Amino acid sequence: MWYTYRFSFLFPENNVLFRFVRADIVERLGRMLNSKSGKNWKHLAGKMGYSSADTQAWSVLPNEAAQSLLYDWSQQNGSTVYALYQMLKELRRDDAAALILPLLVEQRVEGEPV
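1. Focus on the pattern of salt bridges
Scanning the entire structure with this criterion turns up five salt bridges. For Arg 93, the salt bridge goes to Asp 95, with nearest N and O atoms at 2.9 Å. For Arg 93, a relative accessible area of 9% translates into the label buried.

Okay, structure coming up:
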């Protein structure tokens, strides 16, 4: 009898740049981070090294603030999906981290005899 197992491997070294993430994922992530409750985009901006003065312009359009932050950050060196994933995990934003996790995971299907 053959069974199929799924193994997931996290590849932080894959260096996928965030600027190449599909627009629909960035939009969904932005909506999650624009929320007024919990650790929102301002907390993430702090993790990314932005000051409150840096973020004032984005506060003018609160429904688009996180998307603007993500776009600006994506233009910097080292703005990888894994770096963002780590920051989101540090902020305990597991919901947002889960959204980008598939970009870091390679799934392999293997059959093994039992």
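2. Observations concerning the packing of aromatic side chains
Applying the stated rule across the entire model yields four aromatic pairs. Relative to Trp 73, the ring of Phe 18 lies with its centre 5.9 Å away and its plane at 55°, an arrangement referred to as tilted. On the criterion of sequence distance, the pair formed by Phe 18 in the loop between strand 1 (2-10) and helix 1 (23-33) and Trp 73 in helix 4 (residues 65-74) is long-range, its members being 55 residues apart. Phe 18 gets classed as buried once you look at its relative accessible area, which sits at 3%. With centroids separated by 6.2 Å and ring planes inclined at 25°, the aromatic side chains of Tyr 82 and Tyr 85 adopt a geometry described as stacked. Residue Tyr 82 and its partner Tyr 85 are located together in helix 5 (residues 81-90), separated by three residues, close to a single helical turn.

3. Let's talk about the side chain of Ser 79
Locating Ser 79 in the fold gives a position in the loop between helix 4 and helix 5. Owing to a relative accessible area of 0%, Ser 79 belongs among the buried residues under this scheme. A polar atom in the side chain of Ser 79 sits 2.9 Å from the backbone oxygen of Ser 74. The residues touching Ser 79, leaving out its near neighbours within four places in the chain, are Val 16, Leu 17, Phe 18, Arg 19, Trp 73 and Ser 74.

4. Considering the nonpolar core
The biggest cluster of nonpolar side chains holds 29 residues, and the ones touching the most others in it are Phe 18, Leu 29, Leu 44, Met 48, Leu 84 and Leu 88. Listed by contribution, the elements that provide at least two residues to this core are helix 1, helix 2 (41-47), helix 4, helix 5 and helix 6 (94-100). The element that contributes the greatest number of residues to this core is helix 5, accounting for six residues. The contact partners of Leu 88, leaving out residues within four places of it in the chain, are Leu 29, Leu 33, Leu 44, Arg 93, Ala 96, Ala 97 and Ile 100.

The rules behind the values
- Sequence order as written defines residue numbering, which begins from 1 separately in each chain.
- It should be noted that, the model being predicted, local features are given only for residues of pLDDT at least 70 and side-chain atom pairs only at 80 or more, the latter also being counted only at that level, while totals for whole chains, interfaces and linings use all residues.
- Processing note: side-chain calculations cover all non-hydrogen atoms of the structure and skip hydrogens and water entirely.
- When a carboxyl oxygen of Asp or Glu is within 4 Å of a side-chain nitrogen of Lys or Arg, the pair counts as a salt bridge.
- Using a 1.4 Å probe on the protein chains alone, a residue whose accessible area is under 20% of its type maximum counts as buried, one over 50% counts as exposed, and one in between counts as partly exposed.
- Stacked, edge-to-face and tilted labels apply to pairs of Phe, Tyr and Trp rings (six-membered ring for Trp) whose centres lie within 6.5 Å, assigned for plane angles under 30 degrees, over 60, and everything in between, in that order.
- Numbering of helices and strands starts at the N terminus; helices are DSSP runs of H or I of at least 4 residues and strands are runs of E of at least 2.
- Contacts described as polar in this section are N or O atom pairs within 3.5 Å, which, within protein, must combine one atom able to donate a hydrogen with one able to accept it, while residues neighboring in sequence count only if both atoms come from side chains.
- Contacts are assigned to residue pairs with any non-hydrogen atoms lying within 4.5 Å of each other.
- Side-chain atoms within 4.5 Å link the members of a nonpolar core, which is a set of buried Ala, Val, Leu, Ile, Met, Phe, Trp, Tyr and Cys residues.

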